[in-house]
Amino acid sequence: MQKQEIQQEEQIVPAPGEPGADDDMVRFADLTLRVLNNPQPIEAEWRRLERLAKNSLHQRFDWCLAWTQAHKSEVVIIQGVAQNRTHLILPLEIVTDKGCRVARFPGDRFNNLNSGLFDANLAEPDAEELQNFVHATRTALKDTADLIVLDNIPLAWRGARHPLSGLATTENQNRSFQLPLFPNFEATIAQLNAKSRRKKFRSSSRKLEAIGGYDYICPESSADKHALLDLFFHQKGERLAQLGLPDVFQPDDIRQFFHRLLDVSPEGFDTPLSLFAIRLRGEHAGHIAAIAGLSRKGDHVICQFSSIDESICPEASPGELLFWLTIEQSCRQGAAIFDFGVGDQPYKRNWCTQQTVQHDILLPLTWKGSLLRPLMMGVTKAKAAIKRNPHLYSLVQRWRAGHCPKEPAALASEAE
């Protein structure tokens, strides 16, 4: 079994192509905070910041726009400006939770790793600057929200410490799972049990060849993309129903969100969403055995979702075969990280050598937010305790399987 490294702190070095320690730095104390309700006026600055390696693809302009348009969300954008240049953008949507207005990153549970957007030459703030930033944010948003929740933030990522790491409130109940990639695919799988992996790949291929073969596809036309996404929704819904879990992809606004992402034109290899699948040939020609949705920004690939149809030749493990092929392709295309996202599942542990610890930042803006904050912290800690206890987690899963069909509104993901 391969060793899994838990990533909590990294060596802090300048990311490739970004300014280093010798460049002119801007302090948090120099920032003037502005609050916007429309992203369009700062789109150019937003897109400049989103290209930096340390900034998550989940805060890219197109991702946030697709989410807020699909959900018709109220949008609040915190912009930090100094020297006529934008150095900070925190895109937020306002939702209601237990009677409180909560400002959170667009994307909610479908975000795997968040950061916000920070310029490369924005220096890490000291304790006083952080408190002044909190005060300025509270003043700017107190009439708009009761609580800010910035969740799923790693304190260090891609060689950079998060500028707001000093405000971390609690560890998130979920960790994300990554496999480092190398240009040589053999070097990549050497981190795992390479002999076992190759054997499983050959076995899957032989079993599918025996019933006519298969194609590894990535649809290019808009019609084919959207048809495959609809098939994923169908496959995933059936799979979750078999497990006794509610379908987190069922709401229409969630489906609209992913369909909108498919319509965003890629920039080279960068794309908010592309679909890959195993399609059978021969007697079962056209049957889709497995689907995966991938996002990419720079050298970072994230598997957003996956599904399988086990009605034909389930012993071939088409889902594992699809992961092999997408990881192999990512290596050829120069990616450095294949990220399976948040949620602890056996297949992720089998593929990944690293876990990334994530934290949540909860900033109360009003007395209502001050009351909700400890409640949300308690829920997060309870979830974390349950997930770290296999016996207790198994009991909760069995309870959910018995109750979720009667409570379709209580959304939960298979990964959780």
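Below: a short report on this structure. No experiment lies behind these values; they were computed from the predicted model shown.

## Things to note about the packing of aromatic side chains
Here's step 1: Enumeration over the complete set of coordinates arrives at 22 aromatic pairs.
Here's step 2: Residues Phe233 and Phe249 carry aromatic rings whose centres are separated by 6.2 Å and whose planes lie at 40° to one another, so their mutual orientation is tilted. Of this pair, Phe233 sits in helix 6 (residues 222-242) while Phe249 sits in the loop between helix 6 and helix 7 (252-262), and the two are 16 residues apart along the sequence.
Here's step 3: Classification of Phe249 as buried rests on a relative accessible area of 6%.
Here's step 4: Ring geometry for Phe249 and Phe305: centres 6.0 Å apart, planes at 80°, overall edge-to-face. Taken together, the residues Phe249 in the loop between helix 6 and helix 7 and Phe305 in strand 14 (residues 300-308) connect sequence positions 56 residues apart.
Here's step 5: Classification of Phe305 as buried rests on a relative accessible area of 4%.
Here's step 6: Through pairs of rings, three or more aromatic residues link up here, namely Trp63, Trp67, Phe110, Phe232, Phe233, Phe249, Phe257, Phe258 and Phe305.
Here's step 7: Positioned over the ring face of Trp351 is Arg197, at 4.0 Å from the centre of the ring.

## Digging into the side chain of His359
Here's step 1: Within the secondary structure, His359 is located in strand 16 (residues 354-364).
Here's step 2: Residue classification places His359 among the buried residues on the basis of a relative accessible area of 15%.
Here's step 3: In this view, His359 contacts Leu150, Asp151, Asn152, Ile153, Leu155, Ala168, Thr170, Glu171 and Asn172; residues no more than four positions away in its chain are not counted.

Criteria and cut-off values
- Residues numbered from 1 in each chain as written.
- Predicted model: local features only at pLDDT ≥ 70, side-chain atom pairs only at ≥ 80, totals over all residues.
- Heavy atoms only, no water.
- Phe/Tyr/Trp six-rings, centres within 6.5 Å; stacked < 30°, edge-to-face > 60°.
- Helix = DSSP H or I, 4+ residues; strand = E, 2+ residues; numbered from the N terminus.
- Buried < 20%, exposed > 50% of the residue type's maximum accessible area, 1.4 Å probe, protein only.
- Lys NZ or Arg CZ within 6 Å of the ring centre and 35° of its normal.
- Contact = heavy atoms within 4.5 Å.

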